[in-house]
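The lines below spell out each chain.
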Amino acid sequence: MFDKFHQASFQIHKGDNVSVALSDLQPGEVSVYGPEGTAFSAVGELIKQGHKLARRNINEGEAIIKYGVTIGLATRDILVGEWVHLHNCKSFYDKRSSTLDVESGAPTDIQYR
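Overview of the structure. It should be emphasised that the depicted structure is a prediction, and the values quoted were computed from it without experimental measurement.

Another point: the pairing of strand E3 (residues 28–34). For strand E1 (residues 8–10) and E3, the ladder comprises 3 bridges, and the chain directions are parallel. Looking at the pairing, Ser9 lines up with Val32 of E3. As paired elements, E3 and strand E4 (residues 37–43) share 7 bridges and run antiparallel to each other. Looking across to E4, one finds that Tyr33 is bridged to Thr38. Between E3 and E4, which follow one another and run antiparallel, lie 2 residues.

Put into structure tokens, the structure is as follows:
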């Protein structure tokens, strides 16, 4: 299907505005597999395996759609190929998502001693 240097992501539902990285993605071209066949996109930054990337430009306040359902809202404009995560969206499923560290997922609203 593709060699180890091929970058790929998967769009789960045809209505999704994000796809999921199938491996760590480097800036450059990525194939997007999904319900409507294969498309191509560009990645502008490192995106870790399993994380979301924007399939198209997503405006601030617009729904983040994965699995064909709204999972959150964009907290700022997100460009096509950009990493979609805690730094630019807020989850409908985790009220504390905006307080978590982007890299580690650790809460930032608690003081540890």
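We now examine the sheet that holds strand E6 (residues 63–66). Spatially, E6-E7-E9 is the arrangement adopted by the 3 strands of the open sheet, whose pairing is antiparallel. Both edges of this open sheet fall to E6 and strand E9 (89–91), since each of them pairs with a single strand only. Taking the axes of each pair of neighbouring strands and ignoring which way they run, one obtains an average angle of 40° across the sheet. Pairing between strand E7 (residues 69–74) and E9: 3 bridges, direction antiparallel. Looking at E9, one finds that Leu73 is bridged to Lys90.

Cut-offs used in this document
- Residues numbered from 1 in each chain as written.
- Predicted model: local features only at pLDDT ≥ 70, side-chain atom pairs only at ≥ 80, totals over all residues.
- Heavy atoms only, no water.
- Pairing = 2+ DSSP bridges.
- Helix = DSSP H or I, 4+ residues; strand = E, 2+ residues; numbered from the N terminus.
- Axes fitted to C-alpha atoms, helices over the stretch in contact; angles between N-to-C directions.

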